Amino acid sequence: MTTYKRHSTALKLQLVHAYLNGEGSYKELAAKHSINHSLLVLWVQKFQRGEITEEQDQRYLHWRIKRSTEASAFTLSMAAVFAPLLSI
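Residues numbered from 1 in each chain as written. Predicted model: local features only at pLDDT ≥ 70, side-chain atom pairs only at ≥ 80, totals over all residues. Heavy atoms only, no water.

**Considering the overall build of the chain**
Piece 1. Across its full length, the chain holds four helices and zero strands.
Piece 2. Tracing the chain from N to C terminus, the helices and strands come up as α-α-α-α.
Piece 3. A buried classification covers 19% of the 88 residues belonging to the chain.
Piece 4. A separation of at least 24 residues holds for 54% of the contacts in the chain among residues at least 6 apart in sequence.
Piece 5. Total accessible area computed for the chain in this model is approximately 6,900 Å², and 58% of it derives from carbon and sulfur atoms. (Helix = DSSP H or I, 4+ residues; strand = E, 2+ residues; numbered from the N terminus. Buried < 20%, exposed > 50% of the residue type's maximum accessible area, 1.4 Å probe, protein only. Contact = heavy atoms within 4.5 Å. Areas by Shrake-Rupley, 256 points an atom, 1.4 Å probe, with all protein chains shown as cover.)

Below you can see the structure in the form of structure tokens.
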């Protein structure tokens, strides 16, 4: 099964702005950041359609914090359940 790396919106915006400001070609910028140039092309297209924004990055960070907190709470609750069984 293939796993995909999730790139932050901040990185996407940084590379999109660099491309739009003429700081390099798709291939040059992509190579500097170890991504495929077609991914950068996609990000530029999405940015131009208004699909990549700073607000999106904030929502992602909020989701990650919430997910991390929920996972920690679950781990603690499971530890409380199984601790008596492990001390036998």
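**Describing the nonpolar core**
Piece 1. Of all hydrophobic cores here, the largest spans 11 residues; its members are Leu13, Leu15, Val16, Ala18, Leu29, Ala30, Ile35, Leu40, Trp43, Val44 and Ile52.
Piece 2. In terms of residue count, the dominant contributor to this core is helix α1 (residues 9–20) (four residues).
Piece 3. Beyond its immediate sequence surroundings of up to four residues, Ile52 is in contact with Thr9, Lys12, Leu13, Trp43, Lys46 and Phe47. (Core = buried A, V, L, I, M, F, W, Y, C linked by side-chain atoms within 4.5 Å.)

**Structural notes on α1**
Piece 1. In this model α1 runs 16 Å from its N-terminal to its C-terminal C-alpha over 12 residues, within 8% of the 16 Å that 1.5 Å per residue would give.
Piece 2. Here α1 has its buried residues at Thr9, Lys12, Leu13, Leu15, Val16 and Ala18.
Piece 3. Just past α1, the residue Gly22 takes up positive phi, approximately 75°. (Expected span 1.5 Å × (residues − 1).)

**Section: the confidence of the model for the chain**
Piece 1. Confidence in the prediction of the chain, expressed as mean pLDDT, is 83, and 72% of residues score 70 or more.
Piece 2. Looking over the chain, one finds the lowest element-wise mean pLDDT in helix α4 (residues 54–86), namely 69, and the highest in helix α2 (residues 26–32), namely 97. (pLDDT = per-residue confidence, 0-100.)

**A few points about the packing of aromatic side chains**
Piece 1. Scanning all chains against the criterion turns up one aromatic pair.
Piece 2. Ring geometry for Tyr19 and Tyr26: centres 3.9 Å apart, planes at 15°, overall stacked. (Phe/Tyr/Trp six-rings, centres within 6.5 Å; stacked < 30°, edge-to-face > 60°.)

**With respect to the environment of His33**
Piece 1. Tracing the sequence through the fold places His33 in the loop between α2 and α3 (37–48).
Piece 2. By relative accessible area, His33 is classed as partly exposed at 32%.

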